[in-house]
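The primary structure of each chain is shown beneath.
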Amino acid sequence: MKLYGSFGSPFTRRVGVTLLLYKLKHEHVVLRGSIPEELEQLKKFNPLARVPALETDDGMALVDSVTILDYLDQQVDSDILLTPREGEQRTKMLNLIGIAAGAVEKSVSCYYEEGVNAKRPADKVYRPWVDKMYEQTKDGLEAIETLIIGPWIMGDRLSQADVSLVCFWDFIKKHRPESAPRLNCPQLEKISEKANLKPEFSATNPD
Ligand SMILES: N[C@@H](CCC(=O)N[C@@H](CS)C(=O)NCC(=O)O)C(=O)O
């Protein structure tokens, strides 16, 4: 398998961490949409030219981290599975990750609005919209904070909720300016610190 993308993307990183935790043989090919030659390369695997993309051993090109994680889950035995195959726990986990994905999507949108990666001139930024997105990120994460069971998000075992949340949290924290409302998520912060001690997370941490 080949994973295309860079770990600066939280969606790519969660696939990278999952591949390592599942010990699935793969190659990581760094492709950044911001570099024109790499963008052209990326389009071969994703018509939307977004990361991540996964090329499977039988030649499928999969796009979107949700689809890719679903594919990886089908490649491993149930005892190491990060997302339950069925039942209430699965629904709860996917719902929680859905809130987190919404929060990080808003953060990615802010990343393209202001700062060094901004796609829009500073005087063309519509401040109330950007502020609303910072708020949505904060509200989403703080809602998740109230759902954490401990010691990991869904209880005793590290799950896809932790993998996704840690990748999303690390990105959001890194790209959240001082001017944005402060995030009050002490448990998420603790889980991120603990997870980043593991080789699968440290090897994919873009910092
Ligand atoms: N829903 C997608 C989101 C992927 C995404 O937003 N990727 C960003 C990088 S973090 C990207 O490639 N953005 C470039 C673009 O949309 O043109 C997923 O889960 O994979």
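Thresholds applied
Along every chain, residues carry numbers that run from 1 in the direction the sequence is written. Two thresholds apply to this predicted model, a pLDDT of at least 70 for residue-level local features and 80 or more for giving and counting side-chain atom pairs, whereas whole-chain, interface and lining totals are computed over all residues. In computing side-chain values, all of the structure's heavy atoms are included and hydrogens and water are not. All domain edges in this entry derive from an automatic or database-based domain assignment. Here the buried area means the combined drop in accessible surface, using a 1.4 Å probe, for two parts upon being joined, counting both sides. Should a side-chain nitrogen of Lys or Arg be within 4 Å of a carboxyl oxygen of Asp or Glu, the pair is scored as a salt bridge. As used in this structure description, the phrase polar contact means that two N or O atoms lie within 3.5 Å; if the pair is within protein, one of them must be able to donate a hydrogen and the other to accept it, and residues adjacent in sequence are counted only when both atoms belong to side chains. Segments assigned H or I by DSSP are reported as helices when at least four residues long, segments assigned E as strands when at least two residues long, and all are numbered from the N terminus. Here a helix's expected span is defined as the number of its residues, less one, multiplied by 1.5 Å. Using a 1.4 Å probe on the protein chains alone, a residue whose accessible area is under 20% of its type maximum counts as buried, one over 50% counts as exposed, and one in between counts as partly exposed. Contacts are assigned to residue pairs that have any heavy atoms within 4.5 Å of one another. Pairs were defined over the aromatic rings of Phe, Tyr and Trp, the Trp ring being its six-membered one, requiring ring centres within 6.5 Å. Orientation was assigned from the angle between planes: stacked under 30 degrees, edge-to-face over 60, tilted for the rest. Counted as over-ring charges are cases with an Arg CZ or a Lys NZ within 6 Å of the ring centre that also lie within 35 degrees of the ring normal.

K.L.:
Please clarify how the domain arrangement of the protein should be interpreted in this entry.
P.N.:
By a widely used convention, the size of an interface equals the accessible area lost when the partners come together. Here the protein is partitioned into domain 1 (2-80) and domain 2 (88-202). The centre of domain 1, based on its C-alpha atoms, is set 20 Å off from the matching centre of domain 2. Summing both partners gives a buried area of about 1,300 Å² for domain 1 against domain 2, and 63% of it is carried by carbon and sulfur. Per-residue buried area on domain 1 facing domain 2 is highest for Pro10, Arg13 and Arg14; these three make up 42% of the total on that side. Where domain 1 meets domain 2, there are 1 salt bridge. Asp170 is paired through a salt bridge with Arg13; the nearest N and O atoms lie 2.9 Å apart. Scanning the region where domain 1 abuts domain 2 turns up 6 residue pairs in polar contact (both at pLDDT 80 or more). Here the element with the most residues in the side of domain 1 that touches domain 2 is helix α1 (residues 10-21); it accounts for 8 residues.

K.L.:
Which parts of the structure should I look at to understand α1?
P.N.:
An α-helical segment advances 3.6 residues per turn. Residues three or four places apart therefore align on the same side. Under the 1.5 Å per step criterion, the end-to-end length of α1 is 16 Å for 12 residues, consistent within 8% with the ideal 16 Å. Of all 12 residues in α1, 10 are buried; the element is thus mostly enclosed. For α1, the set of buried residues is Pro10, Phe11, Thr12, Arg13, Arg14, Val15, Gly16, Val17, Thr18 and Leu19. Of the residues flanking the end of α1, it is Lys23, one or two places downstream, whose phi is positive at about 55 degrees.

K.L.:
Where do I start with the environment of Pro151 in this structure?
P.N.:
Tracing the backbone shows Pro151 in the loop between α5 (127-145) and α6 (160-174). Along the sequence, Pro151 and Gly87 sit 64 residues apart, while their C-alpha atoms lie 22 Å from each other. If sequence neighbours within four positions are ignored, Pro151 has contacts with Asp156, Ile191 and Lys194.

K.L.:
Would you mind showing me how to read the side chain of Asn46 here?
P.N.:
As for its placement among the helices and strands, Asn46 is situated in the loop between α2 (36-43) and β3 (53-55). Using a relative accessible area of 2% as the deciding quantity, one classes Asn46 as buried. One polar contact links the side chain of Asn46 to the main-chain amide nitrogen of Leu48, over a distance of 2.8 Å. Not counting residues within four places of it along the chain, the set of residues in contact with Asn46 comprises Pro52, Ala53 and Val63.

K.L.:
How should the packing of aromatic side chains be read in this particular structure?
P.N.:
We describe a pair of aromatic rings using the distance from one ring centre to the other and the angle between the two ring planes. A full pass over the atoms with the stated rule returns 4 aromatic pairs. On the basis of an interplanar angle of 55 degrees and a centroid distance of 5.6 Å, the ring pair of Tyr111 and Phe171 is categorised as tilted. Linking Tyr111 in helix α4 (residues 88-113) with Phe171 in helix α6, this pair joins segments that are 60 residues apart in sequence. Ring-pair connections join several aromatic residues into one group, and the members of that group are Tyr111, Tyr112 and Phe171. A cation over a ring is seen here: Lys194 above Trp152, with NZ or CZ 4.0 Å from the ring centre.

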